[in-house]
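Residue-level listing of the chains:
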Amino acid sequence: MPDNPAATPADAPAATPAATPRSRVRVPLRFGDGYRVDAELVTFHGLADGQEHLAVVLGDPGPVPLVRLHSECLTGDVFGSARCDCGPQLREAVERIAERGGVLLYLRQEGRGIGLYNKLDAYALQDQGLDTYAANTALGLPEDARDYTAAAQMLTALGIGRLDLLSNNPDKAGQLRNLGIDVRDRVPTGVHATPDNLRYLRAKVLQTQHTLPLGELTELSVG
């Protein structure tokens with residue numbers, strides 16, 4: 001799904017400090033459903049935010065690789081929480097990227113950048129009726145604190161200047177473009193709905209224009 005924006009002076013790419021690869025190691029990945037794939041994990045020197053982000057290189061990346069920026073979610077990625085769609089998105093992304101060739105950037109941005117403890121505090125407010133964004137602001141925190149400067153640094157360090165982005169989130173594509181990365185297309189992920197995450201998914205559509213089928217989510221919530 002092309003996100004387009006013809007560049008204007010206000011949208012001119014920002015200068016991004018250089019980062020360099022630090023180490024590369026081959027790691028066989030094994031998932032609970034039996035899916036297996038070999039990956040190369042890359043670490044970096046010089047990332048702007050000082051976090052330990054990882055690049056997971058999968059398959060044989062071509063001139064325009066498939067790339068996903070996946071924000072760390074301990075509850076979803078590790079414990080299988082059904083309150084979000086993060087774990088299933090991670091699993092889907094690894095297979096789709098491996099088939100085509102590309103990179104998954106695993107970014108240490110728990111809870112859209114507010115951290116694990118704050119995310120769990122926000123969960124408690126969601127249980128009282130607030131949506132995921134209103135819960136963050138009720139805690140005095142940004143709706144979404146993520147900055148993708150480090151992601152742009154990682155891509156540049158890997159020699160990736162043009163890509164297709166596997167994401168439902170238009171902000172990721174917009175930030176990468178402003179940081180000098182050519183996002184050719186934005187490719188939506190699948191819909192991973194559960195009875196526990198429908199309000200969360202609907203909030204992402206209504207609040208931040210994620211490309212998810214709102215009508216389908218509405219039908220599931222009343223079905």
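Residues numbered from 1 in each chain as written. Predicted model: local features only at pLDDT ≥ 70, side-chain atom pairs only at ≥ 80, totals over all residues. Heavy atoms only, no water.

Novice: Just to check I follow, could you spell out unusual backbone geometry for this structure?
Specialist: A negative phi holds for most residues other than glycine; trans holds for most peptide bonds. Although it is not a glycine, Arg112 adopts a positive phi angle of roughly 55 degrees. Among the structural elements, Arg112 can be located in helix α3 (residues 110-113). A residue is classified by how much of its surface remains accessible, and Arg112, at 10% relative accessible area, is buried. (Helix = DSSP H or I, 4+ residues; strand = E, 2+ residues; numbered from the N terminus. Buried < 20%, exposed > 50% of the residue type's maximum accessible area, 1.4 Å probe, protein only.)

Novice: For this particular structure, what's the right way to read the environment of Asp164?
Specialist: You can see Asp164 is positioned in strand β6 (residues 162-166). Setting aside residues no more than four positions away along its own chain, Asp164 makes contact with Val64, Pro65, Leu66, Val67, Arg100, Arg184, Asp185 and Val187. Within the structure, the side chain of Asp164 is placed 3.3 Å from the backbone nitrogen of Asp185, a separation counted as a polar contact. (Contact = heavy atoms within 4.5 Å. Polar contact = N/O pair within 3.5 Å; in protein donor to acceptor, adjacent residues only side chain to side chain.)

Novice: Sorry, what's going on with the confidence of the model for the chain here?
Specialist: Detail in the predicted coordinates should be disregarded across regions flagged by low pLDDT. Chain-level pLDDT for the chain is 87 on average; 82% of the residues reach the 70-or-more range. When the criterion is pLDDT under 50, residues 5-10 qualifies, and its contacts beyond four places in sequence or with other chains add up to two contacts. (pLDDT = per-residue confidence, 0-100.)

Novice: What is the right way to read the side chain of Arg112 from this model?
Specialist: The side chain of Arg112 sits in the buried core without any salt bridge; Asp144 is the nearest counter-charge, 4.5 Å away. Here the side chain of Arg112 touches Thr132 through a polar contact of 3.1 Å, side chain to side chain. (Lys, Arg positive; Asp, Glu negative; His and termini not counted. Salt bridge = Lys/Arg side-chain N within 4 Å of Asp/Glu carboxyl O.)

Novice: Please explain the nonpolar core as it appears in this structure.
Specialist: Nonpolar side chains in soluble globular proteins tend to be buried together. By size, the foremost hydrophobic cluster in this structure holds 25 residues, and its most contacted members are Leu69, Leu105, Leu155, Leu163 and Leu176. Looking at this core, the elements with two or more residues in it are β2 (36-45), β3 (54-58), β4 (66-71), β5 (102-107), α6 (149-157), β6 and α7 (170-178). For this core, the leading source of residues is α6, giving five residues. In this structure Leu163 touches Val64, Pro65, Val67, Leu155, Ile181, Asp182, Val183, Arg184 and Asp185, once residues within four positions along its chain are discounted. Counting residues in each nonpolar core, the second largest holds 16 residues, with Val37, Ala39, Leu66 and Ile97 among its members. (Core = buried A, V, L, I, M, F, W, Y, C linked by side-chain atoms within 4.5 Å.)

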